[in-house]
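# Examining the three-dimensional arrangement
Residue-level listing of the chains:
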Amino acid sequence: MDSLKERIRDDMKASMKSGAKARLGVIRMILAAIKQVEVDERVELGDDRVIVVLDKMLKQRRESIRQYRDANRNDLAEIEEAEILVIQDFLPQALTEAEIDQMVIKAIAETGAASIKDMGSVMALLKPQMQGRADMAVVSARIKAGFSA
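Let us look at the structure shown here. Each chain has its residues counted from 1, running along the sequence as written. Only residues with pLDDT of at least 70 get local features here, since the model is predicted, and only at 80 or more are side-chain atom pairs given and counted; chain-wide, interface and lining totals rely on the full set of residues. Each side-chain value is worked out from all heavy atoms of the structure, with water and hydrogens disregarded.

### Regarding the nonpolar core
Here is the rule we go by: What we call a nonpolar core is a set of buried Ala, Val, Leu, Ile, Met, Phe, Trp, Tyr and Cys residues that are connected through their side-chain atoms within 4.5 Å. Classification of residues uses two cut-offs on accessible area relative to the type maximum, computed with a 1.4 Å probe and protein chains only: under 20% is buried, over 50% is exposed, and between them is partly exposed. Helix and strand assignments come from DSSP, with helices taken as H or I runs of at least 4 residues and strands as E runs of at least 2, each series counted from the N terminus. Contacts are assigned to residue pairs that have any heavy atoms within 4.5 Å of one another.
Among the nonpolar cores identified, the biggest contains 24 residues, and Ile8, Ile30, Leu54, Ile87 and Phe90 are the most heavily contacted of them. Residue assignment for this core shows that the elements contributing at least two residues are helix 1 (4-18), helix 2 (21-41), helix 3 (47-70) and helix 4 (74-88). Apart from residues no more than four positions distant in its own chain, Ile8 is found in contact with Ile27, Ile30, Leu31, Ile34, Val50 and Phe90. In terms of nonpolar packing, the next biggest core, distinct from the first, is built from 17 residues, Met119, Val122, Leu126 and Met136 among them.

The following block contains the structure:
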């Protein structure tokens with residue numbers, strides 16, 4: 001099976017051949033972000049770390065979209081949304097709301113968390129399982145809701 005990085009590179013080549021310039025630009029940004037981490041840390045990233053990089057890129061774009069919408073710059077927000085769609089192509093299948101809820105309930109039970117003060121231990125358990133598959137801000141809100149219910 002190909003590594004995630006190889007899949008991204010193959011998709012870059014396919015985008016070049018098909019003339020999909022917008023997609024190609026996003027893929028080049030992804031590869032540049034991966035390369036930056038590899039150079040900074042002097043390591044070759046495996047699939048798990050590539051997913052962390054992609055997840056970080058998604059988080060940055062979601063924040064940009066929020067700021068652009070607040071500033072009434074829907075044109076810029078739409079560009080970010082298009083980038084999100086390309087980045088998500090390389091991430092594992094997203095979790096459904098029901099799956100997120102089940103995992104949160106299970107993690108609260110496993111950690112013995114009794115109040116919002118225990119949220120850190122719940123997040124620590126969930127983050128590796130959900131990385132790249134769920135917006136952790138949404139997960140955080142679900143955990144808080146679980147304590148107030």
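### Thoughts on the pattern of salt bridges
This is how the line gets drawn: Salt bridges are identified by distance alone: a Lys or Arg side-chain nitrogen within 4 Å of an Asp or Glu carboxyl oxygen.
A complete count under the given rule lists 14 salt bridges for this structure. Put simply, Arg23 and Asp89 hold a salt bridge, and the shortest N to O gap is 2.8 Å. Pair noted here: Arg23 is in helix 2 and Asp89 is in the loop between helix 4 and helix 5 (97-111), with a separation of 66 residues, a long-range link. Classification of Asp89 by relative accessible area gives partly exposed; the value is 40%. Between Glu81 and Arg69 there is a salt bridge whose closest N-O contact spans 2.6 Å. Taken as a pair, Glu81 in helix 4 and Arg69 in helix 3 lie far apart in primary sequence, 12 residues in all. Because the salt bridges share partners, they merge into one network encompassing Lys5, Glu38 and Glu44.

From the geometry alone we can't say anything about function, so treat these as descriptive.
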